[in-house]
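Commentary on secondary and tertiary structure
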Amino acid sequence: MTINPDQPLKFSPLHRLQWEEAQQKFVILYPEGMVELNLSSAEILKLCDGAHNLGQIVSELEQKFAASGLTNDITAFLDIALKNGWIQQP
Amino acid sequence: MAGSNNLKITPPRWLLAELTYACPLQCPYCSNPVDYSNYPSELSTEDWKRVLSEARKMGAVQLGFSGGEPLTRKDLAELVRHARGLGYYSNLITSGYGMTEEKIVELKEAGLDHIQVSIQASTQELNDHIAGTASFEHKKKVAHLVKKHGYPMVLCVVIHRENIHQMPEILAMAEELGADYLELANTQYYGWAHMNRDLLMPTKEQFEQAEAIAQAFKEKVAGKMKIYYVVPDYYENRPKACMNGWGTTFLTIAPDGMALPCHEARVLPGLDCPNVRDSSIERIWNESKAFNFFRGDDWMKEPCRSCDEKHKDHGGCRCQAYLLSGDMYAADPVCSKSPDHHLIDEAIASARNSALTADEKPLIFRNSKNSRQLA
């Protein structure tokens, strides 16, 4: 299971991405479980909105953080997210 | 008090709201106290709302509506709506008994995130025998409806000697019902299950065979279904890290408002567990005797005190130590380093003997009549 770069990415309807004030971080919530996210992971997942594909997510984040060469890191995280069922592709 | 004074107290993350001890089922391994009939009073809707609000403010985010059977509470949808407004992730832990499609839709609209349905076995005959109530076909129907209405569906099957041989069929049933998660919960021997242990505990050979089948299935369905496997701790050499450490993560509120560091902790003597009718959640969590009792490791005795694994398993389960050895400060007898470990070997041998001699002793089912007699 790997990311198809041509298809848009969508956050799973069976999970919830939420800001937790008490923890000062984003978390993914699912049946009886929770994953705490660092800031960059949360930024990536917020763009998994069904409209962006891999390349579009990379360019948007590179622009936002005035950085380059993020492709490998973002792809690696999205592969993990896909494997865990946090995101989906059609 | 046994707890340490210089300990950094972490906020609760998990709130288990046991709404009621009422239940139409009679499972002989129920996790409710054996003497639950002594606690018939239930918190009001307003009390529950306050509890949810106060715990959420401290940082609790996962919320389990449990029981008994939580569907017997008429205000369930109202509580779910309140919880959603506060930002909880709400889990309904139900037998499915009394669930209708109308209710599933109502709860979805109120903001319920997930429904966990328990099934006792893969056949109607055994399911209805263990549940003590004809419920198998309805449970399967409820599981389908849960999926139909877009909830993640968790199927929970408690494993014991009467159903462990059905492991392949149980897995096939989970697949057929389209479970997103399957919880295979080996029976934990507290309360009712402890009383029925000779009749419920599988032999080691049965465990190993069932575990191998479940493991192969887990690999087969990877990416489609997640398996939560609750280990049979009597067959382990190290105890479970019970509750992720006392008073670190989990907060249980019993139907009568008693606040417990774990849902079994009512059995421990001298904790003076506080009640939410008298105190705020913040005070209970931070200041009460009960929640500080086994925080940290100052309370530990040998072999835990000098053990290099004490931060991993926190000495195991306090209730299990008390239930088996009579000493709630002792190492969990599951640990092979425990001087009481022979109690585990004896329990296994006793259950094995019962299995091989076709023990005539009947299962004690969880119902009010038995509870009153045993209380």
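As the structure is a prediction and not an experimental result, all values here were calculated from the model.

Conventions adopted
- Residues numbered from 1 in each chain as written.
- Chains lettered and ligands numbered in written order.
- Predicted model: local features only at pLDDT ≥ 70, side-chain atom pairs only at ≥ 80, totals over all residues.
- Heavy atoms only, no water.
- Helix = DSSP H or I, 4+ residues; strand = E, 2+ residues; numbered from the N terminus.
- Polar contact = N/O pair within 3.5 Å; in protein donor to acceptor, adjacent residues only side chain to side chain.
- Contact = heavy atoms within 4.5 Å.
- Pairing = 2+ DSSP bridges.
- Axes fitted to C-alpha atoms, helices over the stretch in contact; angles between N-to-C directions.
- Buried < 20%, exposed > 50% of the residue type's maximum accessible area, 1.4 Å probe, protein only.
- Arc of directions from axis to C-beta.
- Buried area = accessible area lost by both parts, 1.4 Å probe.
- Salt bridge = Lys/Arg side-chain N within 4 Å of Asp/Glu carboxyl O.
- Nonpolar A, V, L, I, M, F, W, Y, C, P; charged D, E, K, R; others polar.
- Core = buried A, V, L, I, M, F, W, Y, C linked by side-chain atoms within 4.5 Å.
- Parallel < 35°, antiparallel > 145°, perpendicular 65-115°, else oblique.
- Expected span 1.5 Å × (residues − 1).

**Considering the side chain of A:Gln18**
Note that A:Gln18 resides in strand β2 (residues 16–20). Side chain to side chain, A:Gln18 and A:Arg16 meet in a polar contact 2.5 Å long. Polar contacts involving the side chain of A:Gln18 include one to the main-chain carbonyl oxygen of B:Gly87, which spans 2.8 Å. Apart from residues lying up to four places away in sequence, A:Gln18 is in contact with A:Lys25, A:Phe26, A:Val27, A:Leu29, B:Arg56, B:Val61 and B:Gly87.

**Concerning unusual backbone geometry**
Look at the link from B:Gly67 to B:Gly68: it is a cis peptide, with omega at 10°. With respect to the helices and strands, the residue B:Gly68 is situated in the loop between β2 (62–66) and α2 (76–86). For the bond running from B:Glu302 to B:Pro303, omega is 5°, close enough to zero to count as cis. Among the secondary structure elements, B:Pro303 is positioned in the loop between α11 (289–292) and α12 (310–313). You will see that A:Gln24, though not glycine, has its phi angle at about 55°, which is positive. The topology assignment puts A:Gln24 in the loop between β2 and β3 (25–30).

**Some points on the environment of B:Ile253**
Residue and element names in this part refer to chain B. Tracing the chain through its elements places Ile-253 in strand β8 (residues 250–253). As a C-alpha pair, Ile-253 and Pro-70 span 183 residues in sequence and 13 Å in three-dimensional space. Apart from the residues lying within four places of it in its own chain, the contact partners of Ile-253 are Leu-15, Leu-16, Ala-17, Glu-18, Leu-43, Trp-48, Val-51, Met-258, Ala-259, Val-276 and Ile-281.

**Remarks on the sheet that holds β2(A)**
All names here are of chain A. Across the sheet, which stays open at both edges, the 3 strands sit in the order β2-β3-β4 with antiparallel pairing between neighbours. Since the sheet does not close on itself, it has two edges, and those belong to β2 and β4 (33–36), each with one partner. This sheet shows a mean twist of 30° between the axes of neighbouring strands, independent of strand direction.

**Some remarks on the pairing of β2(B)**
All names here are of chain B. Taken across its 5 residues, β2 has 5 buried, putting it largely inside the fold. Residues Gln-62, Gly-64 and Ser-66 of β2 are buried on one face, and the alternating residues Leu-63 and Phe-65, pointing to the opposite face, are buried as well. Of the pairings in the sheet, the one linking strand β1 (residues 14–18) to β2 comprises 5 bridges and is parallel in character. By the bridge assignment, Leu-16 is partnered in β2 with Gly-64.

**Structural notes on helix α2 (residues 54–64) of chain A**
All names here are of chain A. Buried residues of α2: Leu-54, Ile-57, Val-58, Leu-61 and Glu-62, and no others. Along the long axis of α2, the arc covered by the buried residues comes to 125°, so they all point the same way. Among the exposed residues of α2, those oriented more than 90 degrees off its buried face are Gln-63 and Lys-64. For α2, the secondary structure elements touched by its buried residues are α1 (39–46) and α3 (71–83). Of the residues flanking the start of α2, the one acting as N-cap is Asn-53, its side-chain oxygen 3.2 Å from the backbone nitrogen of Gly-55. Downstream of α2 by a residue or two, Ala-66 has a phi angle that is positive, lying close to 45°.

**Focus: the interface of chain A and chain B**
Listed as interface residues are 15 residues of chain A and, on the opposing side, 25 residues of chain B. Across the chain A to chain B interface the summed buried area is about 1,600 Å²; carbon plus sulfur atoms make up 52%. If you sort the residues of chain A by the area they bury against chain B, A:Arg16, A:Pro31 and A:Glu32 come out on top, with a joint share of 43%. Here A:Glu20 and B:Arg56 are joined by a salt bridge, their closest N and O atoms 2.7 Å apart. In this structure, the connection of chain A to chain B is made through 10 residue pairs in polar contact (both at pLDDT 80 or more). Put simply, the parts of the chain that give the side of chain A that touches chain B at least two residues each are β2, β3 and β4 of chain A. At 3 residues, β2(A) tops the list of elements feeding residues into the side of chain A that touches chain B. Taken together, the residues that form the side of chain A that touches chain B break down as 7 nonpolar, 5 polar and 3 charged.

**Remarks on the nonpolar core**
Counting residues in hydrophobic clusters, the biggest one holds 113 residues, and the most contacted among them are B:Leu15, B:Phe65, B:Leu107 and B:Ile253. For B:Leu15, the residues in contact, after removing those within four places along its chain, are B:Val51, B:Leu52, B:Ala55, B:Ala60, B:Gln62, B:Leu63, B:Gly64, B:Tyr88, B:Leu251 and B:Ile253.

**What about the packing of helix α4 (residues 124–131) of chain B against helix α5 (residues 136–148) of chain B?**
All names here are of chain B. Packing of α4 against α5 leaves a shortest axis separation of 9 Å and a crossing angle of 100°. Here α4 is positioned roughly perpendicular relative to α5, judged by the angle of their axes. Counted together, Gln-124, Asn-127 and Asp-128 of α4 and Phe-136, Glu-137 and Lys-139 of α5 form the full contact between these two elements. Looking at the contact of α4 with α5 residue by residue, the classes come out as 1 nonpolar, 2 polar and 3 charged.

**Here's the deal with α5(B)**
Residues and elements named next belong to chain B. Taking 1.5 Å of rise per residue, 13 residues should cover 18 Å, and α5 covers 19 Å from first to last C-alpha, within 8% of that figure. The complete set of buried residues in α5 reads Phe-136, Lys-139, Lys-140, Val-142, Ala-143, Leu-145 and Val-146. Its buried side turned inward, α5 meets α3 (101–110), β4 (114–118), α4, β5 (153–159) and α6 (167–177).

**Considering the sheet that holds strand β6 (residues 181–186) of chain B**
Strand-to-strand pairing in sheets goes through backbone hydrogen bonds, with the strands running parallel or antiparallel. Residues and elements named next belong to chain B. If you walk across this open sheet you meet the 9 strands as β7-β6-β5-β4-β3-β2-β1-β8-β9, and the pairing is mixed. Of all the strands in the sheet, the pair left with one neighbour each is β7 (226–230) and β9 (259–260). Alignment of β4 against β5, held across 4 bridges, turns out to be parallel. The partner of Ser-118 across the bridge, within β5, is Cys-156. Helix-sheet contacts for helix α9 (residues 204–220) involve β6 and β7, and the interaxial angle to β7 is about 160°.

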